[in-house]
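Chain and residue survey
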Amino acid sequence: MNITTLGQFIIEKQNDFPYAKGELSRLLRDIGIAAKMISREVNKAGLTHILGDHGSVNVQGEDVKKLDIIGNETFIWALSRGGEVCMMASEENDEVIPLEGEFSKNGNYVICIDPLDGSSNIDVNVSIGTIFSIYRRISPAGTNPTLADALQAGNQLVAAGYVVYGTSTMLVFSTGKGVNAFTLDPSIGEFCLSQSMVQTPKSGSIYSINEGNAAEFPEGIKQYLSWAKEKNSEEKRPLTARYIGSMVADFHRNLLKGGVFIYPPTAKSPNGKLRLMFEGIPMAYICEQAGGKATNGKGQSILDIEPETLHQRVPVIMGSLNMVEKVEAFLG
Ligand code: AHG
Ligand code: MN
Ligand code: MN
């Protein structure tokens, strides 16, 4: 049998990890545990009619919570125990959350999460995800962490990744030495290495964008979309439109098949909709680690943006290198 579990992989690869190897290993293991717990909840989400709707009390007398909240609480629980993480920031919370585990103050790491990405797809049985990113704290260990510990540019990341709850549950992450993907084998309850050193194709045929907003897109994006739809068999056009509405799922498909994911600015949201800290940076990191490109459409790599606030938004163009550069060429 040729299986490598997440636990085995982390131990085998920990010499590649920056800083104290054991700490980051334990932290990644704890993220794996949180991911398995959220996966379990996601898989029974369709049973809410039987178990009780959000906000109600179920037959066991427990409050039924939204999956976003369950995901958030699961991460706080899983990361408070180990003592590696001093603070968490989440799409679900306005402010940073200092962790209150016995050893948390001494933790050297800060985690940013989008516990449930693609919330609008939960009730319709469509793929959703979790996104995480890991920074080394700036303030000294043992002191109270501050907002500045979380507000770091993507080029400071120690690791980042996502979990996609799809036809199977997959954990995809990078510690800065390429991207590895693990598939949850429910029969043994373990994430098993399914693709090592994932490289995204340099070109592809998929473009992913919510074209319903097209009237509000910048001119360059409108022109790109017209170009994408033109017939040109030599250049393999028209391209193929695919858009799920869960960034993790759209990104994951494009990563494997080759494509470009775009969430541009609109008149209503001049910085787009996606959040820099919780969606833009971690996905850009995976994208670049897999040989792709991720920019804000204004000539700046998403990983080089200095964050100013926790919930700031960012326009996003990410995916296969040649496809991102094509979009950029239309933007001028
Ligand atoms: P979340 O569920 O965490 O709020 O994120 C939803 C995001 C992202 O996953 C997706 O790509 C995008 O919103 C879809 O937005 P539109 O419905 O505007 O296309
Ligand atoms: Mn999201
Ligand atoms: Mn979310």
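All values reported here derive from a predicted model rather than from experimental measurement. (Residues numbered from 1 in each chain as written. Chains lettered and ligands numbered in written order. Predicted model: local features only at pLDDT ≥ 70, side-chain atom pairs only at ≥ 80, totals over all residues. Heavy atoms only, no water.)

Protein coordination of the manganese ion (ligand 3) is provided by E91 (OE), D114 (OD) and L116 (O), with donor distances spanning 2.2 to 2.3 Å. The distance between the manganese ion (ligand 3) and the manganese ion (ligand 2) is 3.8 Å, with D114 acting as a donor to both metals. Note that E91 is positioned in the loop between β1 (85-90) and β2 (97-98) and D114 in strand β3 (residues 109-117), a separation of 23 residues in sequence. (Donors = N, O, S within 2.8 Å, 3.2 Å for Na, K, Ca; no water. Helix = DSSP H or I, 4+ residues; strand = E, 2+ residues; numbered from the N terminus.)

The domains assigned to the protein chain are domain 1 (6-195) and domain 2 (206-331). Placing a centre on the C-alpha atoms of domain 1 and another on those of domain 2 gives a separation of 24 Å. Contact with domain 1, which involves 47 residues of that partner, is made by 30 residues of domain 2. Between domain 1 and domain 2, the buried area comes to about 2700 Å², and carbon and sulfur atoms account for 65% of it. Summed over the three residues of domain 1 that lose the most area to domain 2, namely E91, L151 and Y162, the buried surface amounts to 22% of that side. Taken together, domain 1 and domain 2 are joined by one salt bridge. Along the contact surface separating domain 1 from domain 2 lie 14 residue pairs in polar contact (both at pLDDT 80 or more). Looking at the side of domain 1 that touches domain 2, the elements that each hand over two or more residues are β1, β3, β4 (128-136), α5 (147-150), β5 (159-165) and β6 (169-174). In terms of residue count, the dominant contributor to the side of domain 1 that touches domain 2 is β4 (seven residues). For the side of domain 1 that touches domain 2, the per-class residue count stands at 24 nonpolar, 17 polar and six charged. (Domains from an automatic or database assignment. Contact = heavy atoms within 4.5 Å. Buried area = accessible area lost by both parts, 1.4 Å probe. Salt bridge = Lys/Arg side-chain N within 4 Å of Asp/Glu carboxyl O. Polar contact = N/O pair within 3.5 Å; in protein donor to acceptor, adjacent residues only side chain to side chain. Nonpolar A, V, L, I, M, F, W, Y, C, P; charged D, E, K, R; others polar.)

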